[in-house]
Each structure stands twice: as C-alpha cells, then as structure tokens.
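# Understanding the architecture of this molecule
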Amino acid sequence: QVQLVESGGGLVQPGGSLRLSCAASGRTFSRYGMGWFRQASGKEREFVSGIRWSGDSSYYTDSVKGRFTISRDNAKNTVWMQMNSLKPEDTAVYYCAADVQGRRTVGVPTSPKVYDYWGQGTQVTVSS
C-alpha cells in the first residue's frame, strides 16, 4: 500500500556528512508520522529520529542529538535525515518507516512496532 525508498547512503570518513532521503508513495503522506531506524551488524534495529505528521515535533535518540536532523516536505512526499559529524558507531543500515496513523499517535514513537511500512534500507559506513 505504501512504498518507501531510501537513498543517500554510502561510505564516509569520520567527521563527514551524509544526507539520507526517503521518498514515499501515497496521497496521504501528510498524515504519516515518519521515522528513521538503523541496524548495525549483530545488533537489533534501533530508533534514530522521528518527526510528527505535521512536522511540528521531532525526536532523536541521545547518541545523535546535535548531529542529526530530520525534516520533511509533505508537498514532495519526502523525509530527509541530515547526518553530520559522523562516527564509526553510526555505521549501519538505515531504514525509513511510516506510521500511517500518525495523526492519532501521541508524540514521536520510538518503538518499531508502531510503524506500519518500511523501506529496504540504505547502507551507511563511517570509516577511515
């Protein structure tokens, strides 16, 4: 029903920057809460950032606060995550996710169980 396509991953040196994009299908994107998750090798998928349907509230996991910024343009059906000052610990596959009932969701959910649709992921590798 909802298709999400991530792009923008790649190899970057520590301290560098990347900008991830997530393009969404559907005519009701403006109603979706959106989130970014990541999964490093051998670890569970974890919440990174999220933004409410209206864009009026965002939330970040502690390890990326001050370095990552999530944003959205509902007219373009797109959400971005700007990643600055990247660290080797940021290396992971990054996934875009949509909460289609975002207008009913309180705050920004951090549990992956809240999100209904997922992209295929894009690899981010931070290494010298």
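Residues numbered from 1 in each chain as written. Predicted model: local features only at pLDDT ≥ 70, side-chain atom pairs only at ≥ 80, totals over all residues. Heavy atoms only, no water.

### A closer look at the sheet that holds strand β1 (residues 4-7)
- Strand order across the open sheet formed by 4 strands is β1-β3-β8-β7, with antiparallel pairing between neighbours. Looking along the sheet, the strands with just one partner apiece sit at the ends: β1 and β7 (68-73). On average, adjacent strands in this sheet sit at an angle of 15° to one another, irrespective of strand direction.
- Relative to strand β8 (residues 78-83), strand β3 (residues 18-24) runs antiparallel, the two sharing 6 bridges. Residue pairing across strands places leucine 20 opposite methionine 81, the latter belonging to β8. (Pairing = 2+ DSSP bridges. Helix = DSSP H or I, 4+ residues; strand = E, 2+ residues; numbered from the N terminus. Axes fitted to C-alpha atoms, helices over the stretch in contact; angles between N-to-C directions.)

### Digging into the state of the cysteines
- Overall, the coordinates contain 1 disulfide when judged by the stated rule.
- Disulfide partner of cysteine 22: cysteine 96, at an S-S distance of 2.0 Å. Note on the cysteine 22 and cysteine 96 pair: the S-S dihedral is about -80°, so by sign convention the disulfide is left-handed. Taken together, the positions of cysteine 22 in strand β3 and cysteine 96 in strand β9 (residues 92-99) put the pair 74 residues apart, joining distant regions of the chain.
- Owing to a relative accessible area of 0%, cysteine 22 belongs among the buried residues under this scheme. (Disulfide = S-S within 2.5 Å. Buried < 20%, exposed > 50% of the residue type's maximum accessible area, 1.4 Å probe, protein only.)

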